[in-house]
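Listed below are the residues making up each chain.
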Amino acid sequence: MGDVLAGFHAAWEFESDSVLIRYERGIRTPKLFQALGERRIPLEAIAGVTLTPGRRDTVVLRIEPRPGADPLMEAAAGQLKDSCDPYRLVLPAERETLAEYYADELLALLTESGPAERYLVSAPDTPLHFKAYDGRASFDGKAVSFRWSWTGASSAKWKAGDQRFPVGELCGVEWRSPEVFEGHLRLLRRDEPARPPQADQDPAAVVFGLGYGPVHESLPFAAAVLAAARTTAPVPAGAVPAVRRDPADIADRIRHLGELHQAGLVTDEEFSVKKAELLAEL
């Protein structure tokens with residue numbers, strides 16, 4: 001086809017084997033779109049196309065991705081608002097006939113349906129990071145790291161210490177939108193207990209809050225981790241070398257551990273064991 005259809009906040013370029021979606025940059029464009037930049041959707045990842053009336057004299061052209069084809073949508077699990085749906089193209093109502101033409105042309109090229117056996121849409125590029133309420137999360141493509149905040153992290157997370165999870169140890173990601181109660185990102189481990197603790201007590205999770213872990217940062221992060229975890233073989237026990245810490249960072253954490261001990265939040269035994277673990281990382 002090779003044509004371009006421009007709407008509000010995005011433009012779709014129709015190619016022989018895919019649809020290239022380019023998102024606009026600007027103060028009115030949803031931040032998630034700006035973070036994504038552009039996405040190429042292979043035709044084999046598309047289950048259908050719909051055209052429906054929109055609000056305020058608009059029409060909405062939407063690609064329906066196949067279940068399991070896009071890690072971003074799988075991580076979102078239906079929690080995105082319509083205005084942040086990356087598969088919607090909003091157009092002025094007077095362009096409805098043109099939108100219907102492109103919908104029909106695209107539908108004629110589709111040959112696949114049903115759940116996809118693998119991800120067909122690329123995950124967001126790494127490295128990625130964001131600030132949660134109780135710590136900072138980072139992902140370099142090989143491992144997820146959580147570094148706990150002095151003010152937000154629970155004593156359970158401070159006792160556990162900063163965390164590093166190679167993707168080979170993960171089987172999935174649980175993302176709960178920061179726009180709802182108890183929003184969080186939890187890493188699902190292959191050896192995870194049947195009933196994990198609450199997110200604020202789980203060292204494999206970070207919790208969101210007002211201004212912490214916004215959708216446009218935490219959702220691409222979750223999608224990238226999910227895609228990497230699903231395409232990486234499990235790591236054999238003992239295969240991941242220990243990560244050595246900055247001595248100044250270790251000193252700070254021992255100092256904070258002492259404060260927890262003095263406040264009665266950490267027992268004498270827990271203080272001694274954790275202090276020894278931190279010193280062993282030097």
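Rules behind the numbers
Each residue is numbered by its place in its chain's sequence as written, counting from 1. Predicted model: local features are reported for residues with pLDDT of at least 70 only, side-chain atom pairs are reported and counted for 80 or more only, and whole-chain, interface and lining totals are derived from all residues. Water and hydrogen atoms play no part in the side-chain values, which are based on all heavy atoms of the structure. Paired strands, as defined in this entry, are two strands with at least two bridges between them according to DSSP. Numbering goes from the N terminus for both helices and strands, where a helix is a DSSP run of H or I of at least four residues and a strand is a run of E of at least two. Where helices are involved, their axes are fitted lines through C-alpha atoms of the stretch in contact, as for all axes, and angles between N-to-C directions lie from 0 to 180°. For this analysis, a salt bridge means a side-chain nitrogen from Lys or Arg found within 4 Å of a carboxyl oxygen belonging to Asp or Glu. For every residue, the accessible area (1.4 Å probe, protein chains only) is compared with the maximum for its type, and the residue is labelled buried under 20%, exposed over 50%, or partly exposed between those bounds. Any two residues whose heavy atoms approach within 4.5 Å are treated as being in contact. Residue count minus one, scaled by 1.5 Å, sets the expected span of a helix. Pairs were defined over the aromatic rings of Phe, Tyr and Trp, the Trp ring being its six-membered one, requiring ring centres within 6.5 Å. Orientation was assigned from the angle between planes: stacked under 30 degrees, edge-to-face over 60, tilted for the rest. The reported arc concerns the directions from the helix axis to the C-beta atoms and nothing else.

**Structural notes on the sheet that holds strand S6 (residues 58-65)**
1) Next: Strand order in the open sheet formed by three strands is S5-S6-S7, and the pairing between neighbours is antiparallel. Because the sheet does not close on itself, it has two edges, and the strands there are strand S5 (46-53) and strand S7 (88-92). The average angle at which neighbouring strand axes cross in this sheet is 15°, direction not considered.
2) Next: For S6 and S7, the ladder comprises five bridges, and the chain directions are antiparallel. The partner of Leu61 across the bridge, within S7, is Leu89.

**What about the pattern of salt bridges?**
Side chains that differ in charge, positive against negative, can pair when their charged atoms come close.
1) Next: Per the stated rule, a full pass over the model turns up 12 salt bridges.
2) Next: Across the pair Asp85 and Arg62 runs a salt bridge, and its minimum N-O distance is 2.7 Å. Of the two residues, Asp85 is situated in the loop between helix H2 (71-76) and S7 and Arg62 in strand S6; the sequence distance between them amounts to 23 residues.
3) Next: Residue classification places Asp85 among the buried positions, given a relative accessible area of 9%.
4) Next: Connected through shared salt-bridge partners, Glu174, Arg176, Arg186, Arg189 and Asp202 make up one network.

**Some thoughts on the environment of Ser145**
1) Next: With respect to the helices and strands, the residue Ser145 is situated in strand S10 (residues 143-148).
2) Next: A relative accessible area of 23% means that Ser145 is categorised as partly exposed.
3) Next: The spatial distance from the C-alpha of Ser145 to the C-alpha of Arg164 is 4.4 Å, given a sequence separation of 19 residues.
4) Next: Among residues more than four places away in sequence, those in contact with Ser145 are Arg136, Ala137, Ser138, Gln163 and Arg164.

**What to know about the sheet that holds strand S9 (residues 135-139)**
1) Next: Within the open sheet, the four strands sit side by side as S8-S9-S10-S11. Their pairing is antiparallel. Each having just a single partner strand, strand S8 (128-131) and strand S11 (163-166) make up the two edges of the open sheet. With strand direction ignored, the average angle separating the axes of adjacent strands in the sheet is 10°.
2) Next: Here S10 pairs with S11 via four bridges, running antiparallel. Along S11, the bridge assignment pairs Ser145 with Arg164.

**Examining helix H5 (residues 215-230)**
1) Next: Spanning 16 residues, H5 covers 22 Å between terminal C-alpha atoms, matching the ideal 22 Å at 1.5 Å per step.
2) Next: With 13 of 16 residues buried, H5 lies mostly within the body of the structure.

**Side note on unusual backbone geometry**
1) Next: A cis geometry characterises the amide bond from Thr126 onward to Pro127, with omega recorded as 5°.
2) Next: Structurally, the position occupied by Pro127 is in the loop between helix H3 (96-109) and S8.
3) Next: In the Ramachandran plot, His9 falls in the positive-phi region, its phi being about 75° despite a non-glycine side chain.
4) Next: Summarising the element assignment, His9 is placed in the loop between strand S1 (4-6) and strand S2 (10-14).
5) Next: With a relative accessible area of 25%, His9 lands in the partly exposed category.
6) Next: The phi dihedral of Arg56 falls on the positive side, at around 55°, and the residue is not glycine.
7) Next: Examined against the element boundaries, Arg56 turns out to sit in the loop between S5 and S6.

**Quick notes on the packing of aromatic side chains**
1) Next: Counted under the stated rule, the structure contains 11 aromatic pairs.
2) Next: Where Trp150 meets Trp158, the ring centres are 5.6 Å apart and the plane angle is 65°; that geometry is what we call edge-to-face.
3) Next: Using a relative accessible area of 42% as the deciding quantity, one classes Trp150 as partly exposed.
4) Next: Residue class for Trp158 comes out buried when judged on its relative accessible area of 6%.
5) Next: Here a set of aromatic residues connected by ring pairs shows up, and it is made of Trp12, Phe14, Tyr101 and Tyr102.

**Details of H3**
1) Next: Spanning 14 residues, H3 covers 20 Å between terminal C-alpha atoms, matching the ideal 20 Å at 1.5 Å per step.
2) Next: Those residues of H3 that sit buried are Ala99, Tyr102, Ala103 and Leu106. The buried residues of H3 all sit within an arc of 105° when viewed along its axis, so they share a single face. Residues of H3 that are exposed and angled more than 90 degrees away from the buried face: Thr97 and Ala108.
3) Next: Elements that come into contact with the buried residues of H3 comprise S1, S2, strand S3 (18-23), S5, S6 and S7.

The values are spatial; any link to function lies outside them.
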